[in-house]
Amino acid sequence: MFKLQRRDKRDRHTDRQTMSSGQSFFKMWILKQDVLQRDERRLFPPQLKQLMVGGVRAALQGTRMASLLPPVGTETFRRLKLASREQVQHQDRQTTEVTKLEAGKPLPFYFGDPPPEFLNVPLEELDPFYQLQKTFVVLSRGNVLHRFHSGPALYLLSAFNPLRRVAIRTLTHSLFSLFILLTILSSCVFMTLSHPPEWSRTVERVFIAIFTFEAVVKVMSRGLCAGHFTFLRDGWNWLDVLVICTGYLTQFVDVRMFTVLSSVTRVLKIIPVLPGLKTTVGDLVQSVKRLTGVIILALFLLGLCALVGQQLFMGDLKHKCVVWSAELIEHHSSLYNHSSQYNYSSQYNYSQYINNRANMYFLPGHSEPLLCGNRSSAGACPLGYNCLRTNGNPDYGYTSFDSFGWSLLSVVRLVSKDFWENLMLQVLRVAGKTFLCFFLLVVFPAGFCVLGLMVAVVAMAASEQQEAAVSEFKKREEEFSQIVEAIKRNEEKEAACRGTLPPGQEGGAKESMEGLGKVQHSCPACCAVCADVLLKWNCCDCWRGLKQHLHALVTHPLFDLGIILCLVLNTIFMSLEHFPMTVEFESMLNDAQLVFTGIFAVEMLLKLVAMDPYGYFQVSWNIYDSIIVFVSLLLLSDIINLRFLLLMRVLRLARWWPTLHMMMKIIWTAVSLLKNLTVLLFIVVFIFSVAGMQLFGENYKDQVCRISADCKLPRWHMTDFFHAFLVIIRVLFGDWIQALWDCMEVSSQPLCLMFFMMVIVIGNLLVLNLFLALLLSPLSGDSPSGPDVNQIALSRIYRAVGNLLGKKAGVNPELTERDTQEVNRKELLALDIMISGDHQVPAEAPGQKEESKSPEGHQHEDPEDCCSHKCYGCCPFLVVDTSRGAGRFWSSFRRVCLCIVLHQFFELFIILIIVLSSLALAFEDIHLHQWPLLQTVLRRADQLLTLFFFCEMLLKWSALGLRKYFSDGWCCFDFLVLHVFLVSLGAEAFGFVSIGFLLILRSLRALGPLRLLSHFQGLRVVVCSLLGGAPALLPVLLVVLHMLHVFSVFGVNLFAGKFSHCVNETSGQVFAAGQVDNKTQCMELMYENHSVQWRNRELNYDDVLRAHLSLLHLGAAADNMDVMFSAVDATWIESQPILGAQPVAYLYYIFFVLISSFFTYNLFIRVFINHLQRHKSGKQMFYTKQQQRCFESLKNRVLRPTKTVPRPQNCLQARLLDLVSSVWFEVLVVLVIGLRLVGLMLEQDEMSNEMEVFLSYIHLLVLVLFLLEFMLKVTALRKHFFTDALNIMDILVLLVCITGFLMEDYVIFYFFPPNIFLILRAIHVLRVLCWAPSIRKLLLAFMMSIPALLNIGVLLLLLMFTSSIFGMLNFAFVRKQGMIDDMFNFETFGSSLFCVFMISSSASWGDLLSPLMRTPPDCDPDILNPGSAIRGDCGSPALAIVFFSAHIYLSFLLVVNMYIAVMLEVFGPEVAQRLSDHHLENFCKTWRKFDPESSQFIEYNELSDFCDALQDPLRIPKPNSIRLINMDLPLQPGDQIHCEDILVALAAQVCADSGNSLRLRLQESFPSKVSCGPISSTLQRKQEEVAAAVIQRAFRKHTAMRP
């Protein structure tokens, strides 16, 4: 027992040290998982009785619970009496509230359970803090505490009034809360009815009456508003007021907004009814408060991006292709003939012609006209059409940059990545491909900054909540340990008084103490007897012997291995189902299912006999197995016909598969531990679904013709609750812009914008909190307990085979599991790459004597041996004597080669030829044959650069040796790439380029740019981190594929053979269900019209492989929902689909996206964080130490205050200097900039003349003010004006704006709009925003993550560059279909880079992948391509799938690492500050004022003035005496304090600088340190002064009392 107590103390001490502020986010996260997984402890009734004993209570004096427990000899719970209230008035009042006794929370464990007669009745106040505030408590079921005001309710009902006591008993009774909850849920059911019955108004009146009765009960029991804990003092009770008021209003006034408000408030009433939801809402509100700085920064950045987009693309999206007619030609010619008397209004209406959609060009299958542009890189119109400016914008006119509002909506759409690729395609088609830099350099970095900081802040808030939970849990443990120690000491004292106890009683006492704190699971005696009789089978000795043998069988590892193999085989057989199947094949599958059902039934029977039903059903997995067997038997008996339920067997693998087990634990955690957050998310979804149906349902019905050509409701609408629910789910999944367009077209635009923005913000905030809460939540049993039976079983089989075959099979029979793990570990170590400087050396084995040295260490040493010792042993002739002859020459030659290889210019030369080789690859597009000279130059350059690479390899062979060269992973990669180039040159020289295998091998030259990875240390750090995490992520990938396989088999069972349809291929029209019902009728039409065909969808569920591909289009956010629409429209096998025939199919895809995206990403990040925690400890994951030092110096430079400008002697200049240096002048400049930004926001396309004149005056005024600012600053600052980078930028902006104002037309036509440069001055606004500490901290923290972001971003760009070249070399001649068109294809490097960029963001890659998978007869494999040996315009399905899968996975991994770099590298530990040299210099200057003789000491009485005179961040303003005393500074003789001690103590208050580093830096200012030992300290001096004052006071009192 004492060992247990000492261990608890040691654990608490370790936890307290680990929870300090200096710990990283990784260690904090792992600690929370460890602490929160401990069992909850409680006291038994005997211990509760001992707690009331005087000895125990005396031992607990001074603890937190001592003030809560009643005096010794009194009852804990006492009824409320009038005499006790009068007695309380004379007690002392406690000034702090005890958080353990908050209203609405259960009582602490040391109070025990109250008697049943004390439930739901007024009791005396338990918290001393509230005893003088006229309150009493009531305990309800579950020991939940309710607190009431003891004053008269409504000034009529006292606390002893029977009517009020009845109201209190009613309010606190659990049945009353259940009744209110059922009423709310019933009301919610009626809310979902789009066409409620006539009697629903009567039911509505009943609901209003019930809510009124509830409010009356609350008012009668609590009082209205006078006093604490009354009705209106609780904010949640205002919901009751709103519910009642809006309920009565809707009975008399039929206003839609009142109905919506009534519905919303009723649903929100669930929050105060369900326990725990209020706490969850409070935590969310606190996290929103933490997001204030991020929200301000986000609005600022999004506003700037919107302004840039508005200035660049205003009115451009109105350009469309219009047919070129004779009237149009005549109109254009008349515009240039000023003498023409042509009457345009009467004979030809130009505006009406160009805005007529019938005159515009439409691509097949598109509802929007083709956009175009008049720039060279913009999209062109087909022959016969001209690019003209019309009046309409695409997408109902809502996609545009014509005003600030629409531009901001477009930027939000881009940042949220909702259908953003379509917007980018539209912008680049009208503006040109050069404007891709707007998206790459402006929008997406700003969006990533906003989203990354938002994720980091929410993660930090969630971490703090978890930390508070850990702290509270440890306090409970500490209280429990104190009680245990007190009870034990009391028992020891009693035992010593009574003498020794009998042995039996000692054992009982010991068992009682050991069982202390464990939860006792008891059951009635009758149940125990029944369990012994019915569930424990021990009838005879023979039966018990059989049970022992069967128990040994079912617990054997080989038995589990056999079950695993059966499960795998069962999964394979279920995967063989397809459409159409032959009768024989289907019969074979049915027989296989019968066999597997029998196997699993026998398994269950064997375990039942071996373990007894009592022991069998104690294991949760056995319960799950029995349910599956029962369902399988029901399927065999044809009682139910749901074969997909057999997929439940596949999940049994989680019992032996740790990663799948963790996946299921994450899902279960979301349901159980995070049920409050999950329920709150469902409540929000329900609220918005009901509000959307009530707000916009009628509008969709009335204005349906505006969004549907056939005036039928589209797939997405809000006319009923189910479809409104689907729209809200779609918005939460990130697809909201198209639903918003439809809503704005049928209803009010401001109302729709406000509604959808609320859904996006609130919904995504809840989803993000749920995701991070899942990520940070501890999973009890992340992996199955016990040994890995699979490894044990496999090792036994391995040994058995080895014993049978012996040495002939090459099997070591003595190999154990530990040996296997050691071999695997050595193999992994052999693949590891150690980084040293700018070069890499392979990792050495643990037992190797001589460690490998970095290349820098060989500059003055002999090169290593060329070959390994085994090679020298096998081939003795390789041994060369280097002391004479040819061996000496060879050794000298190797030294020269080593010096060349290690030289810095050699490294730069290799980088240069890699860059040149990569650029040469970028020119090998389909247009290269049109430039013969360039083609010849590239061919010669390829040969020359390959020769350089070959010479590099020979030099490294000679310098490093073959053994070291081929043991380095980067050198091996260079070797493989070089041979790819050599084979390519050989194939080209001998004319074998057209061979398929050599074509693929030639395309592998795209790996050449990746050779840059080995020459940049920052990139190597990221690559090694990713490669190190690959083994940990491989099981996650297998789990993802497994879950995808489960849903694929499920989809085959549901939708196989149901996606076919009858279509007219000439017109592309699908026949309606009334015209053609099934395949037979379609075949009849085929004989009459050959253009009619019975077609299947490209994405279908006819077999498992096709189902995999179909689900990948949704799971990877490909934004291709055709497969989902096909499933919803499916009716029956080989039947014509009907629109919306099976809306329940949406649920299948909702669950798939939840599991494949939400929970899978959570598992992925969890495993990756675990890997980083084990190997990196959360520090320097993605950047080098040199980069860290560089950015720390940059941060210090940013934090360093600007140097004071010398004050001029001229009086006027001095006053101007004071003016321009003041804060108010900076604020005034920011206001002027804001005025100009507002002017830019007011600009819009096709403004009125009055508005243009008004904005031009504003522009002129701002220019004058900027010019005045420039003149004032130059006059005041003189030459120091040009030392500030912001001032130089202001000059450039001013010059550009003046030039643009004078020559506006020329600048806009030939260059960019000059107003864009004005936006650069918004940096001043950002500088003012940085005055807020939260925003400054965010920006500084984000700046410190820039090294990691740069490394990962450069690696991502290099990956995109490589993939672009690979796509251009393989898919350049693919037929233009889908998203492959004249602008966006793989024909050139620029177009290929754009396509790869869209693939990297997982945006509509399905439309890009589909053309690359075309095979005959959908393409022509024999068509000739000019200038290329490649024939045909078909794709390569296998190569395309591998290319897309690899690029998407690597891009996703890099993007996730970018978020982790921001979230964990920055916000894990606190952002530590370090004192800069400027701060130290200011300290020394201030010190010299107080110590002019440089004695390094000041008097103790000057310490307060000195600390007040310092500058921030070291300054401690007055009054500072208490803080200085608590710093405990050492005092030297003569009450003096040394400067070093003061600096170290002040630095410890504000930054993370260590004392040693500060002392070393301080020695530069005071080289000769005066050493003297301290004799006291400030804290000790204060204690001495207080003690002296107490002694003097006592002595004077004693003297005064003497006669």
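Calculation criteria
Note on numbering: residues in each chain are counted from 1, in written sequence order. Only residues with pLDDT of 70 or above have their local features reported here, since the model is predicted, and side-chain atom pairs are shown and tallied only from 80 upward, although totals for entire chains, interfaces and linings are computed over all residues. Hydrogens and water molecules were not included; the side-chain quantities draw on all heavy atoms of the structure. Numbering of helices and strands runs from the N terminus, with a helix taken as a DSSP run of H or I at least four residues long and a strand as a DSSP run of E at least two residues long. Think of it in three bands: residues with accessible area under 20% of the maximum for their type are buried, residues over 50% are exposed, and the middle band is partly exposed, with areas taken using a 1.4 Å probe on protein chains only. In what follows, a contact means two residues having at least one pair of non-hydrogen atoms within 4.5 Å. The Shrake-Rupley method, run with a 1.4 Å probe sphere, supplies the accessible areas, and residue values consider only the shown protein chains as cover. Any two strands with at least two DSSP bridges between them are considered paired. Note on method: axes are straight lines fitted to C-alpha atoms, helices fitted across the in-contact stretch only, with angles between N-to-C directions ranging 0 to 180 degrees. Count a disulfide wherever a pair of cysteine sulfur atoms falls within 2.5 Å. The nonpolar core is taken to be a set of buried Ala, Val, Leu, Ile, Met, Phe, Trp, Tyr and Cys residues, with the residues joined through side-chain atoms within 4.5 Å. Expected helix span is taken as 1.5 Å per residue step, with the number of steps being one fewer than the number of residues. Within this analysis, the arc is defined by the directions that extend from the helix axis to the C-beta atoms. Geometric relationships in this document are graded by angle, where less than 35 degrees denotes roughly parallel, more than 145 denotes roughly antiparallel, 65 to 115 denotes roughly perpendicular, and other angles denote oblique. Definitions for this section: a left-handed crossing has its near helix turned counterclockwise from the far helix by less than a right angle. A right-handed crossing has that turn clockwise. By definition, a salt bridge exists where a carboxyl oxygen of Asp or Glu is found within 4 Å of a side-chain nitrogen of Lys or Arg. What pLDDT reports is the predictor's confidence in each residue, on a scale of 0 through 100. In this classification, Asp, Glu, Lys and Arg are treated as charged, Ala, Val, Leu, Ile, Met, Phe, Trp, Tyr, Cys and Pro as nonpolar, and every other residue, Gly included, as polar.

## Let's talk about the overall build of the chain
When helices and strands are tallied, the chain shows 63 helices and 14 strands. Counting the 1603 residues in the chain, one finds 47% classified as buried. Excluding contacts between residues fewer than 6 apart, the proportion of contacts in the chain whose partners are at least 24 apart in sequence is 74%. Working note: accessible area of the chain is about 81,600 Å², and carbon and sulfur atoms make up 63% of it.

## A short note on the sheet that holds strand S10 (residues 1092-1095)
Within the open sheet, the three strands sit side by side as S9-S8-S10. Their pairing is antiparallel. Each edge of the open sheet is held by one strand with a lone partner, namely strand S9 (1069-1070) and S10. Sheet analysis places strand S8 (residues 1061-1064) next to S9, joined by two bridges and oriented antiparallel. Across the sheet, Val1063 pairs through a bridge with Val1070, a residue of S9. This element, helix H41 (residues 1079-1088), spans S8 and S10 of the sheet and lies at about 150° to S10.

## Some details on the state of the cysteines
Tallied over the full model, the rule gives six disulfides. One disulfide in the model links Cys372 with Cys387; its S-S distance is 2.1 Å. Judged by the sign of its S-S torsion, about 95°, the cystine formed by Cys372 and Cys387 is right-handed. Linking Cys372 in the loop between helix H16 (350-354) and strand S5 (385-389) with Cys387 in strand S5, this pair joins segments that are 15 residues apart in sequence.

## With respect to the nonpolar core
Among the nonpolar cores identified, the biggest contains 307 residues, and Met424, Phe755, Phe756, Tyr1101 and Tyr1149 are the most heavily contacted of them. Residue contributions to this core peak at 17 residues, all from helix H44 (residues 1145-1175). Once residues lying within four places of it in the same chain are set aside, the contact partners of Met424 are Leu436, Phe439, Phe1394, Phe1397 and Met1398.

## Describing helix H12 (residues 277-290)
The end-to-end C-alpha separation of H12 is 20 Å, in line with the 20 Å expected for 14 residues at 1.5 Å each. Along H12, the positions that sit buried rather than exposed are Leu277, Thr280, Val281, Leu284 and Ser287. For H12, the angular spread of the buried residues around the axis is 120°, confining them to a single face.

## Things to note about the pairing of S8
Burial along S8 is two-sided: the residues His1061 and Val1063 and Cys1062 and Asn1064 are all buried. Two strands pair when backbone bridges link them, and S8 and S10 are joined in this way by four bridges, in the antiparallel orientation. Bridge pairing links Asn1064 to Val1092 in S10.

## Digging into the environment of Leu317
Turning to its location among the elements, Leu317 is positioned in the loop between helix H13 (292-313) and strand S4 (319-323). Not counting residues up to four positions away in its chain, the partners in contact with Leu317 are Leu371, Gly392, Asn393, Pro394, Thr399, Ser400, Phe401, Gln426, Val427 and Val430.

## Looking at the packing of helix H54 (residues 1346-1370) against helix H55 (residues 1389-1400)
Two numbers describe a pair of packed helices, the interaxial angle and the distance between the axes. Running from amino to carboxyl end, H54 crosses H55 at an angle of 120°, the nearest separation of the two axes being 8 Å. Classed by the angle they form, the pair H54 and H55 counts as oblique. Crossing handedness for the pair H54 and H55: right-handed. Contacts between H54 and H55 involve Met1360, Phe1361, Ser1363, Ser1364, Ile1365, Gly1367 and Met1368 from the first element and Phe1389, Ser1392, Leu1393, Val1396, Phe1397 and Ser1400 from the second.

## Observations regarding the pattern of salt bridges
Going through the model one piece at a time under the given rule, you end up with 35 salt bridges. Here Asp240 and Lys269 are joined by a salt bridge, their closest N and O atoms 2.5 Å apart. Of this pair, Asp240 sits in helix H9 (residues 237-252) while Lys269 sits in the loop between helix H10 (256-268) and helix H11 (270-273), and the two are 29 residues apart along the sequence. One salt bridge in this structure joins Arg706 and Glu745, with 3.5 Å as the shortest N-O distance. Taken together, the residues Arg706 in the loop between helix H27 (675-702) and helix H28 (721-732) and Glu745 in helix H29 (residues 737-746) connect sequence positions 39 residues apart. The exposure class of Arg706 is partly exposed, given its relative accessible area of 46%. One connected set of salt bridges, linked through shared partners, spans Lys318, Arg389, Asp402, Asp1245 and Glu1246.

## Some points on the sheet that holds strand S2 (residues 135-139)
Strands belonging to one sheet form pairs held by backbone hydrogen bonds; the direction of such a pair is parallel or antiparallel. Pairing is antiparallel in the open sheet, where three strands are placed in the order S1-S2-S3. The open sheet terminates on both sides in strands that have one partner only, identified here as strand S1 (122-123) and strand S3 (145-149). Taken together, the two bridges between S1 and S2 define a ladder with antiparallel strand orientation. In the strand pairing of S2, Leu123 is matched with Val137. Relative to the sheet, helix H6 (residues 162-172) contacts S1, S2 and S3, its axis offset from that of S3 by approximately 150°.

## Remarks on unusual backbone geometry
For the peptide bond that leads from Phe579 to Pro580, omega is -5°, which places it in the cis range. Of note in this structure, Tyr155 is not a glycine but carries a positive phi near 60°. For Tyr155, the position within the fold is in the loop between S3 and H6. One non-glycine residue, Asp612, adopts positive backbone phi at about 65°. Tracing the sequence through the fold places Asp612 in helix H24 (residues 583-616).

## What to know about the confidence of the model for the chain
Chain-level statistics for the chain give a pLDDT mean of 77 and a share of 76% at 70 or above. Per-residue pLDDT stays below 50 along residues 338-347; that stretch engages in eight contacts with residues further than four places along the chain or on separate chains. Within the model, the stretch residues 501-522 combines pLDDT values under 50 with 19 contacts to residues more than four positions away or in other chains.

## Some thoughts on the packing of helix H7 (residues 174-191) against helix H8 (residues 200-222)
The contact between H7 and H8 brings their axes to 11 Å, and the two run at 150°. Taken together, the axes of H7 and H8 are roughly antiparallel relative to one another. Relative to H8, the crossing made by H7 is left-handed. Facing Phe176, Phe179, Ile180, Thr183, Ile184, Ser186, Ser187 and Phe190 of H7, the residues of H8 in contact are Ser200, Val203, Phe207, Ile210, Phe211, Phe213 and Glu214. Here the residues of the contact of H7 with H8 sort into 10 nonpolar, four polar and one charged.

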